[in-house]
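What follows is the residue order along each chain.
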Amino acid sequence: AQTVTQSQPEMSVQEAETVTLSCTYDTSESDYYLFWYKQPPSRQMILVIRQEAYKQQNATENRFSVNFQKAAKSFSLKISDSQLGDAAMYFCVLSSGANNLFFGTGTRLTVIP
Amino acid sequence: KAGVTQTPRYLIKTRGQQVTLSCSPISGHRSVSWYQQTPGQGLQFLFEYFSETQRNKGNFPGRFSGRQFSNSRSEMNVSTLELGDSALYLCASSAIPGQNSNEKLFFGSGTQLSVL
């Protein structure tokens, strides 16, 4: 069975500081993909960053980077130089197998000015 | 380029009624997938359509159905509504089926359905 666990329901960070959101997952598939999506109050899910499981190098997108630990099945998101616009719900997502996407329960990030 | 458009934004229905939600994908995208988001269950995959054919289906009862038209627009139908169907229904589009790939999904802003 595929599962995604986000153990931090809420996180806060001071503007310009760095924050790390945690995610662990489980899958029996050898070929899979991992994503972080953000959902601001507008409700629209926006892709933040993605990682192919076969790639050892951690993905980076500007201020966003991941720490992908395949053996530990861990996929954390680091946000550097946090901005007010980063405030949102963040979902860790696993794309695995033939069927569907698996979403974590989300982490609500608050950015304090 | 217009994004994914979902209509209506909000909907209020009563138990036993049926409802149809609409999703227009980004121009050129042929794959549309639907998700249900609730505070208790989080985000759950409903189904995915590509070129008017359902490719994948999540674990939802038969009351939930969908279809895709030749212009790639998709509709989702829920019959005999239950209180538990109250949720945000999100639609996503991609150029090719994205369920088990690295394909980027573009989401709409959802339809908030309330069942009274």
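Residues numbered from 1 in each chain as written. Chains lettered and ligands numbered in written order. Predicted model: local features only at pLDDT ≥ 70, side-chain atom pairs only at ≥ 80, totals over all residues. Heavy atoms only, no water.

Turning our attention to the overall build of chain B. The secondary structure content of chain B amounts to zero helices and eleven strands. The C-alpha atoms of chain B give 13 Å as radius of gyration, which agrees with the globular expectation for 116 residues (13 Å, within 12%). When the backbone C-alpha atoms are referred to their principal axes, chain B occupies close to 35 × 25 × 25 Å. Counting over 116 residues, chain B shows a buried share of 52%. Long-range pairs, those at least 24 residues apart, make up 56% of the contacts in chain B between residues at least 6 apart in sequence. On chain B, roughly 5200 Å² of surface is accessible, and the fraction owed to carbon and sulfur atoms is 47%. Charged side chains of chain B number 11 positive and 6 negative; the gap between the two group centres comes to 4 Å. (Helix = DSSP H or I, 4+ residues; strand = E, 2+ residues; numbered from the N terminus. Rg over C-alpha atoms; globule rule 2.2 N^0.38 Å. Buried < 20%, exposed > 50% of the residue type's maximum accessible area, 1.4 Å probe, protein only. Contact = heavy atoms within 4.5 Å. Areas by Shrake-Rupley, 256 points an atom, 1.4 Å probe, with all protein chains shown as cover. Lys, Arg positive; Asp, Glu negative; His and termini not counted. Charge placed at Lys NZ, Arg CZ, Asp CG, Glu CD.)

Per the stated rule, a full pass over the model turns up eleven aromatic pairs over all chains. Ring plane angle 20° and centroid distance 6.2 Å describe the contact between Trp36 of chain A and Phe75 of chain A, whose orientation is recorded as stacked. In this pair, Trp36 of chain A sits in strand 5 (residues 32-39) while Phe75 of chain A sits in strand 9 (residues 74-79), placing the two residues 39 residues apart along the sequence. Like Trp36 of chain A, the residue Phe75 of chain A is buried in the burial classification. Between Phe60 of chain B and Phe64 of chain B, the ring centres sit 5.2 Å apart and the planes meet at 65°, which makes this aromatic pair edge-to-face. Taken as a pair, Phe60 of chain B and Phe64 of chain B share a single burial class, namely buried. An aromatic cluster is defined as three or more aromatic residues linked by ring pairs; in this entry it consists of Phe35, Tyr37, Phe91 and Phe103 of chain A together with Tyr35, Phe45 and Phe107 of chain B. Of note, Arg43 of chain A hangs over the ring of Tyr10 of chain B, and the distance from its end group to the ring centre comes to 5.0 Å. (Phe/Tyr/Trp six-rings, centres within 6.5 Å; stacked < 30°, edge-to-face > 60°. Lys NZ or Arg CZ within 6 Å of the ring centre and 35° of its normal.)

One finds Tyr25, Trp36, Phe75, Leu77 and Tyr90 of chain A to be the most contacted residues of the largest nonpolar core, which totals 25 residues. When contributions to this core are tallied by element, the ones reaching two or more residues are strand 3 (19-21), strand 5, strand 6 (46-52), strand 8 (64-69), strand 9, strand 10 (88-96) and strand 12 (107-112) of chain A. Ranked by residues supplied to this core, first place goes to strand 10 of chain A with four residues. The residues contacting Tyr90 of chain A, other than those within four sequence positions of it, are Gln6, Leu21, Trp36, Tyr37, Lys38, Val48, Phe64, Leu77, Ile79, Gly106, Thr107 and Leu109 of chain A. Counting residues in hydrophobic clusters, the runner-up holds 21 residues, among them Val4, Val32, Phe60 and Val115 of chain B. (Core = buried A, V, L, I, M, F, W, Y, C linked by side-chain atoms within 4.5 Å.)

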